[in-house]
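One-letter residues, chain by chain:
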Amino acid sequence: MKRGILAFLLAALMVAQTVAVSAAEPAADESQKSIGPLEEVKTIDDAEGELRFSGTNGLIYRTEGLNKILCDSDGNAFSDLSFLQCDQICGDVWQLKRQGDELPETCLVKTDGTQITDWALCVYNVKNDYFAEAVYGDEQTKDENEAMMYVTPDMFATGFPGDDDVLFKGRKMLVDLKEGKLLEDVVLTNPASSFTVVGYSYIVNDVDGASKIMDASGKVLLDDPSGIYNAGDYYYQMSEGKLLVYDDTMTRIAESDKANNVVEGGFFSFNDEDYNYGLMTFDGEVILEPTSNYAPRMQKGGLFVVSRKNDAGEILYGLVDQSGKEILEPKYYSLLEVEGEGYLYAKEKQDSETMTLLAPDGRVISDQLVNYPNKSLAVEMGEKTYLVLNTGETLDLGAKESIESVGCALVSYRNPDSKKYGLSELYNGTELLAEEWDAIQTAYGNIYAYKDGKWHVFSASAESQAV
């Protein structure tokens, strides 16, 4: 059965057992990124061991039969927020899922228990840091062309229907994640209509009515967006031979008669007669002459991916910084970003057996990766051996057991003899919590460590020192 990427599975969520990690010697280079020292901010009495955690950096809940009851960061339950499964949408916004009388239902809540949307047959699609799209199923239909979503007894999705799905007509709306509210100014009922978000504003692409550009307050910024395009947090258009750039309030901030596109971070791309691409700032300063086969794209770390064609005619990729300085020569067959973190992994050839992991600033961390790194940055190099990011060293976990990533660059483990847990970070291998805990979990951006009937709550921040 075909499915869109927003498929909803109503399987009961397994509680991920949290584990910990052994320590390695700190890296000699103190300029490397690291997790700041842990600070204990509070304790929570839980002598009966009633608190449960949804998984890596997830929610806290208590159980009631087969259901889970949402709790705040202090372990206090919200009695009216019962669910089967949860997912983090963005920041402190979470999607709860439950089984309704006949069909599955979802709603959005904040960490403090504020319910943003009502329980409904709905799929949420995060658009950017400010908006999520809510796709509601309101009424059954047999017409695939008017269907907004596709439903089976335990799943609903947007995308492509399966043979046994029930089709639903519905509506699309936007959720303001910043303010925590459902926007009711625009409701789209045609599946072909859509929203395009740009910063804290959006384009209404309404095939049945007037398209327009609006902000989150409901103010119309532009009545007719025809000829308007978007790139990241910018709008742009061609007018009288110039490329005009606007911010997300539709205020003009730059223009160029040489550029052909807008690049995130405040840059233009432009090309020569051979269609090689260069870069210049919104002020017109050329930082990269037209030498890239494709238009450069900015990564989370602020570097640009550029491309060159080698003597064999292959397109290879490298990195330049915002001054145009080459950071990494174009020699990679592929160069992709690790989701959400700014790290890059690369392959020199299509059939390469190993990959290279690059820091956000372009430094080669390791060229011996076999498996793709995940967004928690816990890169397993071999049996119970993890890559220590920013150093290229490895953290040998040896005989440790129950090894698990519990957040960005955090790994927990259990000592097989004492059965106690500890915690280390993978930026430089520093031990953050010694092997003295009965359990270690992460939730709401904090670390929860349990012993003697209490959860000890620690906060930590990633500290970047001058590189």
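Before reading on, note that the structure itself is shown above.
Residues numbered from 1 in each chain as written. Predicted model: local features only at pLDDT ≥ 70, side-chain atom pairs only at ≥ 80, totals over all residues. Heavy atoms only, no water.

### Considerations on the overall build of the protein chain
Worth spelling out the cut-off: The way it works is that DSSP assigns letters per residue, a run of H or I at least four long becomes a helix, a run of E at least two long becomes a strand, and they are numbered from the N terminus. Burial here depends on accessible area, computed with a 1.4 Å probe over protein chains only, as a share of the maximum for the residue type. Under 20% is buried, over 50% is exposed, and the range in between is partly exposed. Only heavy atoms enter the contact rule, under which two residues are in contact if any of them lie within 4.5 Å.
Looking only at helices and strands, one finds zero helices and 47 strands in the protein chain. For the protein chain, the proportion of its 467 residues judged to be buried stands at 49%. Considering only contacts in the protein chain between residues 6 or more positions apart, those separated by 24 or more positions represent 42%.

### Considerations on the side chain of Ser 269
Convention followed: Pairs of N or O atoms within 3.5 Å make up the polar contacts considered here, provided that, within protein, one atom can donate a hydrogen while the other can accept it, and that residues adjacent in sequence are counted only when both atoms are side-chain atoms.
Structurally, Ser 269 can be placed in strand β26 (residues 267-271). Polar contacts involving the side chain of Ser 269 include one to the side chain of Asn 260, which spans 2.9 Å. Setting aside its immediate chain neighbours within four residues, Ser 269 contacts Ala 259, Asn 260, Asn 261, Val 263, Gly 278, Leu 279 and Ala 295.

### Let's talk about the pattern of salt bridges
To keep it simple, the criterion reads: The rule for a salt bridge is simple: a side-chain nitrogen of Lys or Arg has to be within 4 Å of a carboxyl oxygen of Asp or Glu.
The full count for this structure, using the stated rule, is 17 salt bridges. Between Lys 97 and Asp 87 there is a salt bridge, and its shortest N-O distance comes to 2.3 Å. Of this pair, Lys 97 sits in strand β9 (residues 93-99) while Asp 87 sits in strand β8 (residues 85-90), and the two are 10 residues apart along the sequence. Overall, Lys 97 belongs to the buried group, its relative accessible area being 6%. Asp 87 sits in the partly exposed class, given a relative accessible area of 28%. Between Arg 414 and Glu 401 there is a salt bridge whose closest N-O contact spans 2.9 Å. Placement of the pair is Arg 414 in strand β41 (residues 410-414) and Glu 401 in strand β40 (residues 401-407), with a sequence separation of 13 residues. Linked through salt bridges whose partners overlap, the residues forming this network are Lys 242, Arg 252 and Glu 255.

### Comments concerning the sheet that holds β40
Using the following cut-off: When DSSP finds two or more bridges between a pair of strands, those strands are recorded as paired. Lines fitted to C-alpha atoms define the axes here, with helix axes fitted over just the stretch in contact, and angles between the N-to-C directions of these axes take values from 0 to 180 degrees.
Judged by pairing direction, the sheet is antiparallel, and its four strands sit side by side in the order β40-β41-β42-β43 without closing on themselves. Taken across any chain shown, the strands that pair with only one partner, and hence form the sheet edges, are β40 and β43 (431-437). Along the sheet, successive strands turn relative to each other by an average axial angle of 20°, direction set aside. Bridge count between β40 and β41: four bridges; the pairing is antiparallel. Following the sheet pairing, Gly 407 is matched in β41 by Leu 410.

### Some remarks on the sheet that holds strand β45 (residues 446-451)
Strands sit in the order β3-β46-β45-β44 across an open sheet of four strands; the sheet is antiparallel. Of all the strands in the sheet, just β3 (39-45) and β44 (439-443) have a single pairing partner and so form its edges. Recorded for the sheet is a direction-independent mean angle of 25° between the axes of neighbouring strands. The sheet contact formed by β3 and strand β46 (residues 454-459) spans six bridges and is antiparallel.

### Some thoughts on unusual backbone geometry
Despite not being glycine, Tyr 444 shows a phi value in the positive range, around 50°. Locating Tyr 444 in the fold gives a position in the loop between β44 and β45. Located in the positive-phi region is Asp 452, a residue other than glycine, with phi close to 50°. Assignment of secondary structure puts Asp 452 in the loop between β45 and β46.

### Focus: the packing of aromatic side chains
Going by this rule: Stacked, tilted and edge-to-face pairs are distinguished by plane angle, under 30 degrees for stacked and over 60 for edge-to-face with tilted covering the rest, among Phe, Tyr and Trp rings (Trp via its six-membered ring) whose centres lie within 6.5 Å. A ring is scored as having a charge over it whenever the NZ atom of a lysine or the CZ atom of an arginine sits within 6 Å of its centre and within 35 degrees of its normal.
This model, assessed by the stated rule, comprises 14 aromatic pairs. An angle of 50° between the planes, with centres 4.9 Å apart, marks the rings of Phe 268 and Phe 282 as tilted. A residue pair is termed long-range when its members are at least 10 positions apart, and Phe 268 in strand β26 and Phe 282 in the loop between β27 (277-281) and β28 (286-292) qualify at 14 residues. Taking relative accessible area as the criterion, Phe 268 reaches 1% and is therefore assigned buried. The class of Phe 282 is buried, set by a relative accessible area of 15%. Cluster of aromatic residues (ring-pair linked, three or more members): Tyr 130, Phe 131, Phe 195, Tyr 200 and Tyr 202. Looking at Arg 171, its charged tip hangs above the ring of Tyr 136, at a distance of 4.0 Å from the centre. Directly above the ring of Phe 270 sits Lys 258, whose terminal nitrogen or CZ lies 4.4 Å from the centroid.

### Overview of the environment of Glu 380
Mapped onto the fold, Glu 380 is located in strand β37 (residues 380-382). Taking the C-alpha atoms as reference points, Glu 380 and Leu 369, 11 residues apart in sequence, are found 8.4 Å from one another. Look past the residues within four positions of Glu 380 in its chain and what remains in contact with it is Asn 371, Thr 385 and Tyr 386.

### Topic: the pairing of strand β16 (residues 181-188)
Across four bridges, the pairing between strand β15 (residues 166-176) and β16 is antiparallel. Paired with Leu 174 across the strands is Leu 183, a residue of β16. Once β15 ends, the chain turns through four residues before running back antiparallel as β16, passing Gly 180 with a positive phi of about 70°.

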